[in-house]
Amino acid sequence: MACVLLFTRLLPFSHRLTRTSVCLLSLFLSYLCYCALFPADTIMHTSGDPTPSCQRVLNHGAKRRIQKSLSCVLQPSGADASRLKSDQRPFINLHNDTPSPPMSNLKFGNKKLPNAIIVGVKKGGTRAVLEFIRIHPDVRAAGTETHFFDRNYDRGLEWYRSLMPRTLESQITMEKTPSYFVTKETPHRISTMSRDTKLIVVVRDPVTRAISDYTQTLSKTPDLPSFQDLAFRNQSLGIVDTSWNAIRIGLYVLHLENWLRYFPLAQIHFVSGERLITDPAGELARVQDFLGLKRIVTDKHFYFNRTKGFPCLKKPESSGSPRCLGKSKGRTHVQIDRDAIEQLRDFYRPYNDKFYEMVGHDFKWE
């Protein structure tokens, strides 16, 4: 239309066209301009947006339509391709000509560094706490132990972040690695990441925990020396070998002193491994309170499996069976000489008493 107006201005008044002629000429010139700007068989390319490069304008008789070729798939190259995760691939609609949704809409949340970490202890019930708390809709957790702060710290925080699940802004990101509690460097490393990280420690009678630890190791190493040979330097004198990891882990108060150099006690929540078995809903209620979550995980989610001697999650509506922990949970312990057990109880008693005093709670490990 602009071309037509300019054209009529340039013509002498005596040669002005009739209104009908002007309209026809307008349509004709508009068509010529459109064809010049948008050739029918040319692939349009815009440097700022790769999507139009996959669009062709096709002529079919009197009809014109934009069609996306199925062979035209956005394929990033170079460094971009290596950074593109499997859950970030472009959505390709194979069923109709509706434009695919933008990639940003396909990412449900972001990968964040954890707000809370279950840091210990081994054979205390850490897997149970993780599996029980992650049924809360506001909790997302890494399924496997990352061992970032004890074994993989040199890989960097971005590697650690990549292991986390995607979470919405309102959700809590969690992970659990039980060996963190007894690794000297871990408290400082976590505080360097964030001093606001909430820490959960699942503790259990250290004697029972040591026997459970030994039972698990024995299932993988049948020729392991006896429990007594490993636990004592001299059993007749009652000298315990604290260099054995199964014994050392149970010295909770010594490990806690290291953590309190970097985190206030109020930022550490202790779960009773014994009560986790007898009253899982009660323990999970306290965990939810500590994390600032609404109490959604309740006693209606649990039932006690008498075969395993451990609570299981009840069957969800979307599943055909209840969810129990793996075969290694609830394993029958190796029988240990009663005298050895009493000697170990005497050994741990002063450490336990100091631990009760430090955390302000008596776990009654006798």
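Residues numbered from 1 in each chain as written. Predicted model: local features only at pLDDT ≥ 70, side-chain atom pairs only at ≥ 80, totals over all residues. Heavy atoms only, no water.

## Some points on the overall build of the protein
Then, number 1: Counting its secondary structure elements, the protein contains 13 helices and 13 strands.
Then, number 2: Considering the protein as a whole, with its 366 residues, one finds that 38% of them fall into the buried category.
Then, number 3: A total accessible area of about 21500 Å² is found for the protein, and carbon and sulfur atoms account for 54% of it. (Helix = DSSP H or I, 4+ residues; strand = E, 2+ residues; numbered from the N terminus. Buried < 20%, exposed > 50% of the residue type's maximum accessible area, 1.4 Å probe, protein only. Areas by Shrake-Rupley, 256 points an atom, 1.4 Å probe, with all protein chains shown as cover.)

## Let's talk about the pairing of strand E7 (residues 172–176)
Then, number 1: Of all five residues that make up E7, five are buried, and the element is covered over most of its length.
Then, number 2: Burial along E7 is two-sided: the face carrying Ile172, Met174 and Lys176 and the face carrying Thr173 and Glu175 are both buried.
Then, number 3: Looking at chain direction, strand E4 (residues 116–120) and E7 are connected through three bridges and run parallel. Of the residues in E7, the one forming a bridge with Ile118 is Lys176. (Pairing = 2+ DSSP bridges.)

## Some details on the pattern of salt bridges
Then, number 1: With the rule as written, the count across this model stands at 16 salt bridges.
Then, number 2: Arg349 is the salt-bridge partner of Glu366, the closest N and O atoms lying 3.0 Å from each other. In this pair, Glu366 is assigned in the segment after helix H13 (338–359) and Arg349 in helix H13, connecting sequence segments 17 residues apart. (Salt bridge = Lys/Arg side-chain N within 4 Å of Asp/Glu carboxyl O.)

## A look at helix H12 (residues 280–291)
Then, number 1: Between its first and last C-alpha, H12 extends 16 Å over 12 residues, near the 16 Å set by a 1.5 Å rise per residue.
Then, number 2: Within H12, 10 of the 12 residues are buried, leaving the element largely enclosed by the surrounding structure.
Then, number 3: Every buried residue belonging to H12 is among Pro280, Ala281, Gly282, Glu283, Leu284, Ala285, Val287, Gln288, Phe290 and Leu291, and all of these are buried.
Then, number 4: Of the residues one or two after H12, Gly292 is the one with positive phi, at around 75 degrees. (Expected span 1.5 Å × (residues − 1).)

## Concerning the sheet that holds strand E8 (residues 198–203)
Then, number 1: With respect to topology, five strands assemble into an open sheet ordered E5-E7-E4-E8-E11, the strand pairing being parallel. This sheet does not close on itself; its edge strands, each paired only once, are strand E5 (139–141) and strand E11 (268–272). The average undirected angle you get between the axes of adjacent strands in this sheet is 25 degrees.
Then, number 2: Relative to E11, E8 is paired through five bridges, and the arrangement is parallel. (Axes fitted to C-alpha atoms, helices over the stretch in contact; angles between N-to-C directions.)

## A closer look at the packing of aromatic side chains
Then, number 1: Counting across every chain of the model gives 23 aromatic pairs.
Then, number 2: Seen in terms of ring centroids, Tyr214 and Phe227 are 5.5 Å apart; in terms of plane orientation they differ by 80 degrees. Their pairing is edge-to-face. With Tyr214 in helix H7 (residues 206–220) and Phe227 in helix H8 (residues 227–231), this pair connects stretches of sequence that are 13 residues apart.
Then, number 3: Take Phe227: its relative accessible area is 2%, and that puts it in the buried class. (Phe/Tyr/Trp six-rings, centres within 6.5 Å; stacked < 30°, edge-to-face > 60°.)

## A look at the confidence of the model for the protein
Caution applies to low-pLDDT regions: their predicted coordinates should not be interpreted in detail.
Then, number 1: Put simply, the protein has an average pLDDT of 80, and 67% of its residues get 70 or more.
Then, number 2: Counting interchain partners and residues more than four positions distant, the pLDDT-below-50 stretch residues 10–17 has four contacts. (pLDDT = per-residue confidence, 0-100. Contact = heavy atoms within 4.5 Å.)

## A few points about the packing of helix H10 (residues 252–259) against H13
When two helices pack together, their arrangement is given by the angle between the helix axes and the distance between those axes.
Then, number 1: Interhelical geometry of H10 versus H13 gives an angle of 40 degrees and a closest axis separation of 8 Å. Where H10 abuts H13, its residues Tyr252, Val253, Leu254, Leu256 and Glu257 lie against Tyr351, Lys354, Phe355, Met358 and Val359.
Then, number 2: Among the residues making up the contact of H10 with H13, the classes are represented as eight nonpolar, no polar and two charged. (Nonpolar A, V, L, I, M, F, W, Y, C, P; charged D, E, K, R; others polar.)

## Description of the packing of H7 against H13
Then, number 1: Contact geometry of H7 with H13 gives a least axis separation of 9 Å together with a crossing angle of 125 degrees. Accordingly, the angle class assigned to the pair H7 and H13 is oblique. Taken together, the residues of H13 that come into contact with H7 (itself represented by Pro206, Val207, Thr208 and Ile211) are Ile341, Leu344, Arg345, Tyr348 and Asn352.
Then, number 2: Across the contact of H7 with H13, the residue classes break down as six nonpolar, two polar and one charged. (Parallel < 35°, antiparallel > 145°, perpendicular 65-115°, else oblique.)

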